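Analysis of the macromolecular model
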Amino acid sequence: MNYPWIFEELAQKPGAVRDFKEEWQWTRFQVGGKLFGAICKDGAGNDALLTLKLPPEENCFLREQYEDILPGYYCNKEHWSSIRLEGSVPDHLVRELMETSYRLVLAGLSKKKQREILGE
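Below you will find a few notes about this structure. (Residues numbered from 1 in each chain as written. Predicted model: local features only at pLDDT ≥ 70, side-chain atom pairs only at ≥ 80, totals over all residues. Heavy atoms only, no water.)

Regarding the overall build of the protein chain
When you go through the protein chain residue by residue, the secondary structure sums to 4 helices and 6 strands. When the helices and strands of the protein chain are read in sequence order from the N terminus, they spell out α-β-β-β-β-α-β-β-α-α. A compact globule built from 120 residues should have a C-alpha radius of gyration of about 14 Å, and the protein chain, at 14 Å, falls within 12% of that. With respect to the principal axes defined by its C-alpha atoms, the protein chain has extents near 40 × 30 × 25 Å. Pairs at least 24 apart in sequence give 48% of the contacts found in the protein chain among residues at least 6 apart. Carbon and sulfur atoms form 49% of the exposed surface of the protein chain, whose accessible area is close to 6600 Å². In the protein chain, 16 side chains carry a positive charge and 19 a negative one; their mean positions are 9 Å apart. (Helix = DSSP H or I, 4+ residues; strand = E, 2+ residues; numbered from the N terminus. Rg over C-alpha atoms; globule rule 2.2 N^0.38 Å. Contact = heavy atoms within 4.5 Å. Areas by Shrake-Rupley, 256 points an atom, 1.4 Å probe, with all protein chains shown as cover. Lys, Arg positive; Asp, Glu negative; His and termini not counted. Charge placed at Lys NZ, Arg CZ, Asp CG, Glu CD.)

Side note on the sheet that holds strand S1 (residues 16-21)
The strand order S1-S2-S3-S4-S6-S5 describes an open sheet built from 6 strands, whose pairing is antiparallel. This sheet does not close on itself; its edge strands, each paired only once, are S1 and strand S5 (69-71). Neighbour-to-neighbour, the strand axes of this sheet turn through a mean angle of 25°, independent of strand direction. Summarising the sheet, strand S3 (residues 34-41) and strand S4 (residues 47-53) pair through 5 bridges and their orientation is antiparallel. For Ala38, the partnering residue across the bridge sits in S4 and is Thr51. Here helix H3 (residues 91-107) sits on the sheet and contacts strand S2 (26-31), S3, S4, S5 and strand S6 (80-84); the angle it forms with S4, its principal contact strand, is near 45°. (Pairing = 2+ DSSP bridges. Axes fitted to C-alpha atoms, helices over the stretch in contact; angles between N-to-C directions.)

Concerning the pattern of salt bridges
Applying the stated criterion across every chain, the model contains 8 salt bridges. Note that Asp47 is salt-bridged to Lys41, the shortest N-O span being 2.9 Å. Each of Lys13, Glu99 and Arg103 takes part in one network of salt bridges that share partners. (Salt bridge = Lys/Arg side-chain N within 4 Å of Asp/Glu carboxyl O.)

Side note on the pairing of S4
Within a regular strand, side chains alternate between the sheet's two faces. Between S3 and the antiparallel strand that follows it, S4, lie 5 residues; Gly45 among them carries a positive phi value of about 85°. Bridge count between S4 and S6: 5 bridges; the pairing is antiparallel. Each bridged residue has a counterpart across the sheet, and for Lys53 the counterpart in S6 is Trp80.

With respect to the side chain of Ser101
Turning to its location among the elements, Ser101 is positioned in helix H3. Look at Ser101 and you get buried, because its relative accessible area is 0%. Among the polar contacts listed, one links the side chain of Ser101 to the backbone oxygen of Phe36, at a separation of 2.4 Å. Here Ser101 is in contact with Phe36, Leu52, Lys53 and Leu54, once residues within four sequence places are set aside. (Buried < 20%, exposed > 50% of the residue type's maximum accessible area, 1.4 Å probe, protein only. Polar contact = N/O pair within 3.5 Å; in protein donor to acceptor, adjacent residues only side chain to side chain.)

Purely geometric numbers; function is a separate question.
Shown next, in the form of structure tokens:
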């Protein structure tokens, strides 16, 4: 895996909850009960994809720019993209996309829930 830091960085987001969905072979990251990231295993049990929620227009652009960014694996292809973990997407962009996904999902929660999560 080219991004060994993703588990830790996703888990450190305020209010992030990490679990493993056995039947899907996904390590899921949720905020307020809503998925914002998933690390999906391949058939051999290796971490293969990072799936993130992104604005639809950004998904289209990124997929055109990077061969290692694909339509979301087992997700709504308009709103989710998957990044190959053995790929060559720059680290800074992967970090930026993880933050975008987290902020997008957080913004979809009620203002009250957002304040609770952010400690405001």
